[in-house]
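Observations on the three-dimensional arrangement
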Amino acid sequence: MIDYERVIADLRALIAIDSTNPGRLESECAAWIEQRLTGLGLEVTRHPVQPGRDNLVVTVRGHRADLPRFVLVSHMDTVPVGAGWTRPPFGGVIEDGLLYGRGACDMKAGLALTIGLLEALVRTGTTPASDVVAIYTVDEEAPGMLGAHQLVEDGLLRADDQILAPEPTGMRLRIAQMGLRWLTLTVTGAMAHAGRAHLGVNAVHVTVQILGELETTFAAMPFDDPVLGRARFTTGVISGGVATNVVPAECRAELDLRIVPPLLPEDTVRIVDQVATTVIARYPGAGFSIEPLGARRPPVRAADDSVIVRGLRASYRRLTGHLPEIGGADGHEAYTDSAMIAALTGSSSSTVLGPGATDQAHTADEYVPLADVELGAGLMWDLVGHWAELAAEQGFAAVGRMDT
């Protein structure tokens with residue numbers, strides 16, 4: 001069994017390490033993980049992504065080479081601390097069954113569970129049915145998701161790998177994930193004295209009109225996925241102007257567009273272009289441009305009959321007496337390394353389930369319920385214990401698809 005108390009101790013140690021992105025980044029966290037796992041006698045390999053930023057891979061060998069591997073993917077970076085905390089963000093404070101700190105749920109709790117699983121296998125002398133592979137990535141919280149891209153480019157995944165990212169889902173099964181496209185919209189106008197504003201073209205005013213039309217357009221879209229819900233739009237950053245008494249000649253907005261099937265990332269560019277073109281026509285002298293920001297992220301879904309999905313459901317039922325919930329408030333709006341791997345490879349055996357709720361991720365006083373961590377520990381151990389029978393139920397060639 002996984003040592004729950006040791007998992008909590010590891011989690012608090014991980015929270016104490018500043019691995020914010022942008023910020024201190026992952027090197028200190030990676031060094032801690034490497035030391036912790038090599039101390040168990042495991043071999044940790046480093047795979048460079050950028051100078052000073054390495055993905056880590058460690059494998060506990062199984063006794064059946066013909067079975068699909070159980071691959072756990074965890075990212076080491078967190079978002080910046082930000083303002084509004086009432087508890088120390090790197091303190092790992094425990095109050096009323098909740099453990100607080102930056103990264104507590106996103107996703108150092110899930111990461112600590114993977115370490116706990118590896119340690120349990122070593123401590124008990126258990127040889128799993130198939131290889132258990134733990135991967136620790138960099139840059140998941142950034143637009144480019146460089147760690148996941150490098151992981152695929154390095155050929156570290158296999159076609160039949162069963163992939164789980166123990167990201168925060170409130171212990172729901174995130175079988176599908178929304179697509180995501182970030183775009184930078186730049187609107188140009190003409191500078192003028194504010195007292196003679198009619199002689200200029202106010203780029204900020206034009207941008208605001210475009211953003212309002214985009215909000216209306218997305219709200220009216222007819223697509224309503226049974227798991228993912230409806231498409232969503234928000235503006236995360238907007239900047240423009242040089243002085244209060246000057247008509248601004250340029251305005252820049254960073255757009256966050258969350259999409260559901262049948263929409264693809266390319267459709268977001270088309271939609272923004274159409275809306276901007278319509279609005280710009282009402283403002284002679286204005287112009288605009290659209291640039292992609294970060295990686296292309298289409299909607300993805302794991303197969304219901306994949307080993308990982310069936311296994312998670314079966315283990316969850318054995319431990320709780322009921323199946324895990326799917327859909328609703330499970331954080332499927334967040335795009336994880338699991339989703340990026342599926343998008344890059346075509347895998348239908350890559351999913352997400354983990355401790356903590358996405359509603360608490362990226363917030364002040366971020367926390368993870370200790371009960372989620374305890375359930376996660378039981379779930380991982382049970383899943384590994386039943387791996388051979390899960391794979392045998394359908395044959396190894398049909399456990400999933402990955403086009404490389």
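Preceding this paragraph is the structure being described.
Residues numbered from 1 in each chain as written. Predicted model: local features only at pLDDT ≥ 70, side-chain atom pairs only at ≥ 80, totals over all residues. Heavy atoms only, no water.

Turn by turn, an α-helix covers 3.6 residues, leaving residues three or four places apart pointing in a common direction. Burial analysis of helix α8 (residues 337–345) places seven of its nine residues in the buried class, the great majority of the element. For α8, the set of buried residues is Asp 337, Ser 338, Ala 339, Met 340, Ile 341, Ala 342 and Thr 345. Note on α8: the residue one or two positions beyond its end, Gly 346, has a positive phi of about 85°. (Buried < 20%, exposed > 50% of the residue type's maximum accessible area, 1.4 Å probe, protein only. Helix = DSSP H or I, 4+ residues; strand = E, 2+ residues; numbered from the N terminus.)

In this section: the nonpolar core. Counting residues in each nonpolar core, the largest one holds 69 residues, and the members touching the most others are Leu 37, Phe 70, Leu 117 and Tyr 136. Take this core: its biggest share by element is eleven residues, from helix α3 (residues 104–123). Contact partners of Leu 117, with chain neighbours within four places excluded, come to Ile 2, Phe 70, Leu 72, Val 132, Met 380, Trp 381 and Val 384. (Core = buried A, V, L, I, M, F, W, Y, C linked by side-chain atoms within 4.5 Å. Contact = heavy atoms within 4.5 Å.)

This part covers the sheet that holds strand β19 (residues 367–369). In a beta sheet, neighbouring strands pair by backbone hydrogen bonds and run either parallel or antiparallel. Spatially, β4-β5-β19 is the arrangement adopted by the three strands of the open sheet, whose pairing is antiparallel. Whereas interior strands pair on both sides, the edge strands pair on one side only; in this sheet they are β4 (94–95) and β19. Along the sheet, helix α1 (residues 4–15) makes contact with β4, β5 (98–100) and β19, crossing β5 at roughly 25°. (Pairing = 2+ DSSP bridges. Axes fitted to C-alpha atoms, helices over the stretch in contact; angles between N-to-C directions.)

Moving on, we get to the sheet that holds strand β9 (residues 179–188). Spatially, four strands are ordered β13-β15-β9-β16 in an open sheet, and the strand pairing comes out antiparallel. Each edge of the open sheet carries a strand with a single partner, namely β13 (232–240) and β16 (287–297). Each strand axis lies, on average, 20° off the axis of its neighbour in the sheet, ignoring direction. Where β9 meets β16, eight bridges bridge the pair, whose relative direction is antiparallel.

What follows concerns the pattern of salt bridges. In total, this model carries 25 salt bridges according to the counting rule given. Glu 119 serves as the salt-bridge partner of Arg 36, at 3.0 Å between the closest nitrogen and oxygen. You can see Arg 36 sitting in helix α2 (residues 27–38) and its partner Glu 119 sitting in helix α3, a full 83 residues away along the chain. Note on Arg 36: relative accessible area 10%, which makes it buried. Residues Arg 172 and Glu 325 are paired through a salt bridge, measuring 3.1 Å at the closest nitrogen-oxygen approach. Of the two residues, Arg 172 is situated in the loop between β7 (162–165) and β8 (176–177) and Glu 325 in the loop between α7 (307–320) and α8; the sequence distance between them amounts to 153 residues. By sharing partners, the salt bridges in this structure join Arg 6, Asp 10, Arg 36 and Glu 119 into a single network. (Salt bridge = Lys/Arg side-chain N within 4 Å of Asp/Glu carboxyl O.)

This brings us to the state of the cysteines. Under the criterion given, the structure shown has zero disulfides. Note on Cys 29: no disulfide assigned, nearest cysteine sulfur contributed by Cys 105 at a separation of 15 Å. Take Cys 29: its relative accessible area is 0%, and that puts it in the buried class. (Disulfide = S-S within 2.5 Å.)

Moving on to the environment of Ala 276. Along the chain, Ala 276 turns up in helix α6 (residues 265–280). The class of Ala 276 is buried, set by a relative accessible area of 0%. Beyond its immediate sequence surroundings of up to four residues, Ala 276 is in contact with Ile 210 and Phe 288.

A few words now on the pairing of β7. Where burial is concerned, the two faces of β7 agree: the one with Gln 162 and Leu 164 and the one with Ile 163 and Ala 165 are both buried. Looking at chain direction, β7 and strand β18 (residues 350–352) are connected through three bridges and run parallel. Bridging across to β18, Ile 163 finds its partner in Ser 350.

This next bit is on the packing of aromatic side chains. Taken as a whole, this structure holds three aromatic pairs when the rule is applied. Looking at Arg 87, its charged tip hangs above the ring of Tyr 100, at a distance of 3.9 Å from the centre. The positively charged end of Arg 297 is found above the aromatic ring belonging to Trp 182, 4.7 Å away from the centroid. (Phe/Tyr/Trp six-rings, centres within 6.5 Å; stacked < 30°, edge-to-face > 60°. Lys NZ or Arg CZ within 6 Å of the ring centre and 35° of its normal.)

With seven of ten residues buried, strand β15 (residues 250–259) lies mostly within the body of the structure. Of the strand pairs in this sheet, β9 and β15 are connected by ten bridges, and their pairing is antiparallel. When the sheet's bridge partners are listed, Thr 188 is paired in β15 with Glu 250. Relative to β15, β13 is paired through eight bridges, and the arrangement is antiparallel. Residue pairing for β15: Arg 232 is matched across the bridge by Arg 258.

Turning our attention to the packing of helix α5 (residues 203–219) against α6. Across the interface, α5 lies against α6 with an axial gap of 9 Å and an inter-helix angle of 130°. The orientation of α5 with respect to α6, classified from their angle, is oblique. Both α5 and α6 take part in a crossing whose hand is right-handed. Seen from α5, the contacting residues are Val 206, Gln 209, Ile 210, Glu 213, Leu 214, Thr 217 and Phe 218; seen from α6, they are Ile 271, Val 272, Val 275, Ala 276, Val 279 and Ile 280. Of the residues that constitute the contact of α5 with α6, the class distribution is ten nonpolar, two polar and one charged. (Parallel < 35°, antiparallel > 145°, perpendicular 65-115°, else oblique. Left-handed = near helix turned anticlockwise from the far one by under 90°. Nonpolar A, V, L, I, M, F, W, Y, C, P; charged D, E, K, R; others polar.)

So, about unusual backbone geometry. For the bond running from Asn 21 to Pro 22, omega is 0°, close enough to zero to count as cis. In this structure, Pro 22 sits in the loop between α1 and α2. Omega for the bond connecting Pro 261 with Pro 262 falls within 30 degrees of zero, at 10°, which places this linkage in the cis form. In this structure, Met 171 takes a positive phi of about 60° despite not being glycine. Mapping Met 171 onto the fold places it in the loop between β7 and β8. A residue is classified by how much of its surface remains accessible, and Met 171, at 3% relative accessible area, is buried. Phi at Asp 365 takes a positive value of approximately 55°, unusual for a residue other than glycine. Considering the arrangement of structural elements, one finds Asp 365 in the loop between β18 and β19.

By themselves these figures say nothing about function.
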